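# Close look at the chain arrangement
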Amino acid sequence: MARSPRLDAPLGRGATRTRPTSRDRFGRFTEWVARAMGTPAFLVILTLFCVLWIVWNTLMPDPLRFDDAALGFTALTLMLSLQASYAAPLILLAQNRQDDRDRVQIEQDRQRAERNLADTEYLAREIVALRMSLEERNAQAVTRDVLRQELKALLAELEHDEKPDAAGTSS
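Read on for an overview of the structure. (Residues numbered from 1 in each chain as written. Predicted model: local features only at pLDDT ≥ 70, side-chain atom pairs only at ≥ 80, totals over all residues. Heavy atoms only, no water.)

## Comments concerning the overall build of the chain
Put simply, the rule reads: Only runs of H or I of at least four residues qualify as helices and only runs of E of at least two qualify as strands under DSSP, and these elements are numbered from the N terminus. Note on classification: 1.4 Å probe, protein chains only; a residue is buried when its accessible area is under 20% of the maximum for its type, exposed when over 50%, partly exposed between these limits. A 1.4 Å probe and the Shrake-Rupley method give the accessible areas. Residues count as covered only by the protein chains that appear here.
Helix and strand counts for the chain come out as three helices and zero strands. Helices and strands in the chain line up, N terminus first, as α-α-α. Taking all 171 residues of the chain together, the buried fraction comes to 9%. For the chain, the exposed surface amounts to about 15,200 Å²; the carbon and sulfur share of it is 62%.

Here it is, written out as structure tokens:
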């Protein structure tokens, strides 16, 4: 029975952490092949390979030739057909993996957009609430000023009424 390492204690000197093997090694390989086949370097190398193959099998002495030009370079045709027959499915597998990643990314973007929309709506409601409270506050300030002026006017009127007349009587 294998004992799982404790997470609350550091590893000892003899212990090493093993990297978990990837279940998707083949998928990464297919992506590598698809990326490599889509480069100018691959096309140059393949062209050089074909040119060298043809030159070797036409210019070298008969005992050193391994593909006959009279038969249309059958072995070269077979090699290129084999390469193409493996390249197409590998490229399709890599494309499927990319589609899966794109699907996940689109879903994450959609969720992020929903959160941003909810945040924006919340902020808009908060701004409206702040505007309304400021307008209410300004309306109250105007009311207070008007009220103060009215009170001052009433006090002045009362003071005017309470001043003694020239006869010395108050009314």
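## Quick word on helix α1 (residues 25-37)
Formally: An expected span of 1.5 Å times one less than the residue number is assigned to each helix. Arc definition: it is the arc formed by the directions from the helix axis to the C-beta atoms.
The end-to-end C-alpha distance of α1, which contains 13 residues, comes to 18 Å, matching closely the 18 Å that a straight helix rising 1.5 Å per residue would cover. Every buried residue of α1 is accounted for by Gly-27, Thr-30, Glu-31, Val-33 and Met-37. Projected onto a plane normal to the axis of α1, the buried residues spread over an arc of 160° and lie on a single side. Across from the buried face of α1, at angles greater than 90 degrees, the exposed residues are Arg-25, Trp-32 and Arg-35.

## Some words on a negative patch on the surface
The test is simple: The patches reported here contain residues having more than 30% relative accessible area and no salt bridge. Joining distances are 9 Å for like charges and 5 Å for nonpolar side chains (Val, Leu, Ile, Met, Phe, Trp, Tyr). What counts as a salt bridge is simple: a side-chain nitrogen of Lys or Arg found within 4 Å of a carboxyl oxygen of Asp or Glu. Counting rule for charge: Lys and Arg are taken as positive, Asp and Glu as negative, and neither His nor the chain ends is counted. In plain terms, the charge of a residue is placed at NZ if it is Lys, CZ if Arg, CG if Asp and CD if Glu.
Together, Glu-157, Glu-159, Asp-161 and Glu-162 make up a region of like negative charge exposed at the surface. Its location among the elements puts Asp-161 in helix α3 (residues 74-162).

## So, the pattern of salt bridges
Should the charged atoms of two oppositely charged side chains come close, the side chains can pair. On inspection of all chains with the given rule, the structure shows 10 salt bridges. Between Arg-97 and Asp-24 there is a salt bridge, and its shortest N-O distance comes to 1.9 Å. In this pair, Arg-97 is assigned in helix α3 and Asp-24 in the segment before α1, connecting sequence segments 73 residues apart. The exposure class assigned to Asp-24 is partly exposed, which follows from its relative accessible area of 34%. One salt bridge in this structure joins Glu-114 and Arg-110, with 2.4 Å as the shortest N-O distance.

Treat this as a map of the structure, not an account of what it does.
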